[in-house]
Amino acid sequence: MSDVDLRKIGVNVLKNVTSGESVELQSLWQDRSVVLFFLRRFGCQVCRWTATEVSKLKEDLSENGVALVGIGPEEAGLQEFQEGGYFKGDLYIDELKQCYRDLGFRRYNALSLVPAALGKKANAEGIQGNFSGDLLQSGGMLIVTKGGEKVLLHFVQDSPGDHVPLETIVQTLGIQAKVQPGKRPECNDDVCTR
């Protein structure tokens, strides 16, 4: 289903934001399946909404032996992101952005940010953003089975507002969830650069 080489990307090093410890990416799927959510940046309003949305699955994932991990490309905006409580899983930084490159999370050009997404919905839910960090970095999601046996999902954002719906995550893992997904974000011309 995916052409991701887990052996290649598995040796990429991430920094745990809580402990400061450096770990190889493959350690995150060594003992259990994992949902890896790659944020564009911590200050991104869309990423904050998506982090809040995917965090609704934390309990169901844990009950099914699946880890929820967020990965950012830099530390800019991290403290505000943590203080806002947007994400319920473990957080890491890919300081070299090697995972981002290896997984095809490209950099947008300035024009691709114009057809923004989310704005009104995120604002209505009280989620704000800022301009700190790399505004042009894209993100995505990778779901890997325990032991790195298989990639179940490799999602790359085409535009800043793209995200994997909760029902897709649940179906991909073959689990049940007790949560209801939020309303899909509405697009406007004001937000994805935030």
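Keep in mind the model is a prediction, meaning the values are calculated, not measured.

A. Main features of the sheet that holds strand E4 (residues 66–72). Spatially, E2-E1-E5-E4-E3-E7-E8 is the arrangement adopted by the seven strands of the open sheet, whose pairing is mixed. Edge positions in the sheet fall to strand E2 (22–24) and strand E8 (151–156), since each of these pairs with one other strand and no more. Across the sheet, the mean angle separating the axes of adjacent strands is 30 degrees when strand polarity is ignored. The pairing of strand E3 (residues 33–38) with E4 spans six bridges and is parallel. Residue pairing for E4: Leu-36 is matched across the bridge by Val-69.

B. Representation of helix H7 (residues 166–173) within the structure. Within H7 the residues assigned to the buried category are Leu-166, Ile-169, Val-170 and Leu-173. The buried residues of H7 all sit within an arc of 95 degrees when viewed along its axis, so they share a single face. Tucked inside the fold, the buried residues of H7 contact E3, helix H2 (45–55), helix H3 (58–63), E4, strand E7 (140–144) and E8. Positioned one or two residues after H7, Gly-174 has a phi angle of 70 degrees, which is positive.

C. The arrangement of unusual backbone geometry in detail. For Lys-97, which is not glycine, the phi dihedral falls at a positive 55 degrees. A residue is classified by how much of its surface remains accessible, and Lys-97, at 18% relative accessible area, is buried.

D. Spotlight on the confidence of the model for the chain. The predicted model of the chain has a mean per-residue pLDDT of 82, with 75% of residues at 70 or higher. This model gives residues 111–122 a pLDDT under 50, and the stretch forms 44 contacts once residues within four places in sequence are excluded. Predicted confidence for residues 189–194 stays below pLDDT 50, and this span has 28 contacts to residues more than four positions away or in other chains.

E. Region of the structure containing empty space enclosed by the protein. Scanning the model with the defined rule gives two cavities of 30 Å³ or more in all. Roughly 90 Å³ of volume is contained in the largest cavity. At the level of secondary structure, the elements contributing two or more residues to the lining of the largest cavity comprise E3, H2 and E7. Of the residues forming the lining of the largest cavity, the biggest block, three residues, is contributed by H2. Residues of the lining of the largest cavity, tallied by class, amount to seven nonpolar, four polar and two charged.

F. Seen up close, the nonpolar core. Core analysis: the biggest nonpolar cluster contains 30 residues, and Val-35, Met-141, Ile-169 and Leu-173 have the highest contact counts within it. Sequence-distant contacts of Leu-173, defined by excluding residues within four places in its chain, comprise Val-35, Leu-61, Val-66, Ile-143 and Leu-152.

G. Geometry of the packing of aromatic side chains. Inspection of the entire model under this criterion finds six aromatic pairs. Ring plane angle 35 degrees and centroid distance 6.1 Å describe the contact between Phe-37 and Phe-87, whose orientation is recorded as tilted. Linking Phe-37 in strand E3 with Phe-87 in the loop between helix H4 (78–84) and strand E5 (90–93), this pair joins segments that are 50 residues apart in sequence. Assessed through its relative accessible area of 9%, Phe-87 is described here as buried.

Rules used in this analysis
- Residues numbered from 1 in each chain as written.
- Predicted model: local features only at pLDDT ≥ 70, side-chain atom pairs only at ≥ 80, totals over all residues.
- Heavy atoms only, no water.
- Pairing = 2+ DSSP bridges.
- Helix = DSSP H or I, 4+ residues; strand = E, 2+ residues; numbered from the N terminus.
- Axes fitted to C-alpha atoms, helices over the stretch in contact; angles between N-to-C directions.
- Buried < 20%, exposed > 50% of the residue type's maximum accessible area, 1.4 Å probe, protein only.
- Arc of directions from axis to C-beta.
- Contact = heavy atoms within 4.5 Å.
- pLDDT = per-residue confidence, 0-100.
- 1 Å grid on protein atoms, 1.4 Å probe; cavity = no way out; pocket = protein on both sides within 12 Å on 5 of 7 lines; lining within 4 Å.
- Points joined across faces, edges and corners; volume = space filled by probe spheres on them.
- Nonpolar A, V, L, I, M, F, W, Y, C, P; charged D, E, K, R; others polar.
- Core = buried A, V, L, I, M, F, W, Y, C linked by side-chain atoms within 4.5 Å.
- Phe/Tyr/Trp six-rings, centres within 6.5 Å; stacked < 30°, edge-to-face > 60°.

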